[in-house]
Amino acid sequence: MDAIELLTQQHDEVKKLFKKYEKLSDGAEAKRQELFEMISDRLSAHASIEEQYFYPAAKAQDTEDLLREAAEEHLSAKRLIADLLDLEPSDEEFDAKMQVLQEQIEHHVEEEEGELFKKVRKLLSKEQLVDLGVQMQQEFEELMEGEPRTQVPAETEHAAPI
């Protein structure tokens, strides 16, 4: 699987988890917490592999502005995740912050899939994308063995360097 296919697959997985979250009824705090953890772990690991591997490989004159914006969007999402880590699902702000996180991620995905990925397909060869995808998948799996969301609070001061 190439890097763009991997990232798109991960986007789809998180979208499905957000849809499950939306359908929860009041009082389902344990399920809210479980879905938040699943979403935040996947987003944390996803952002990590994008920042470590994909964005540096995709950096070119016509992608740099998109990458800087994407890194800032990651920072904003990380700040929301850090806030959510300090809340209980029963807190008044929890659902509102989850809604804002979902909206920000949907916007981020739209821009990546609609603009950035097209430019990167022109920039990198199929072989380069496959090699990158293998690296990113391995790193993602390693990160998911732990609880990558717990690293997020330490990553909220500055956007990742591009």
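Residues numbered from 1 in each chain as written. Predicted model: local features only at pLDDT ≥ 70, side-chain atom pairs only at ≥ 80, totals over all residues. Heavy atoms only, no water.

Per an unreviewed UniProt entry, the protein goes by the name Hemerythrin and belongs to Corallococcus macrosporus DSM 14697.

Visitor: Residues and numbers for the overall build of the protein, please.
Guide: Looking only at helices and strands, the protein features five helices and zero strands. Reading the protein from its N end, one meets helices and strands in the order α-α-α-α-α. Its C-alpha radius of gyration of 16 Å places the protein within 12% of the 15 Å reference for a compact globule of 162 residues. Principal-axis analysis of the C-alpha atoms gives the protein an extent of 50 × 30 × 25 Å. Classification of the 162 residues of the protein by burial places 45% in the buried group. Across the protein, the fraction of contacts at a sequence separation of at least 24, relative to all contacts at a separation of at least 6, is 82%. Approximately 8,700 Å² of the protein is accessible, and the part contributed by carbon and sulfur atoms is 47%. Distance between charge centres in the protein, computed from 19 positive and 41 negative side chains, equals 5 Å. (Helix = DSSP H or I, 4+ residues; strand = E, 2+ residues; numbered from the N terminus. Rg over C-alpha atoms; globule rule 2.2 N^0.38 Å. Buried < 20%, exposed > 50% of the residue type's maximum accessible area, 1.4 Å probe, protein only. Contact = heavy atoms within 4.5 Å. Areas by Shrake-Rupley, 256 points an atom, 1.4 Å probe, with all protein chains shown as cover. Lys, Arg positive; Asp, Glu negative; His and termini not counted. Charge placed at Lys NZ, Arg CZ, Asp CG, Glu CD.)

Visitor: Account for the pattern of salt bridges, with residues named and values stated.
Guide: Between side chains of opposite charge, a pair can form when the charged atoms approach closely. All chains considered together, the criterion is met by 15 salt bridges. A salt bridge links Glu5 to Lys126, with the shortest nitrogen-to-oxygen separation between them at 3.8 Å. Here the residue Glu5 occupies a position in helix 1 (residues 3–22), and Lys126 occupies one in helix 5 (residues 126–144), the gap between them amounting to 121 residues. Residue Glu5 is classed as partly exposed on the basis of its relative accessible area of 36%. Glu147 is the partner of Arg149 in a salt bridge, and the nearest nitrogen-oxygen pair spans 3.5 Å. A cluster of three or more residues bridged by salt bridges with shared partners is formed by Asp2, Glu5, Arg121 and Lys126. (Salt bridge = Lys/Arg side-chain N within 4 Å of Asp/Glu carboxyl O.)

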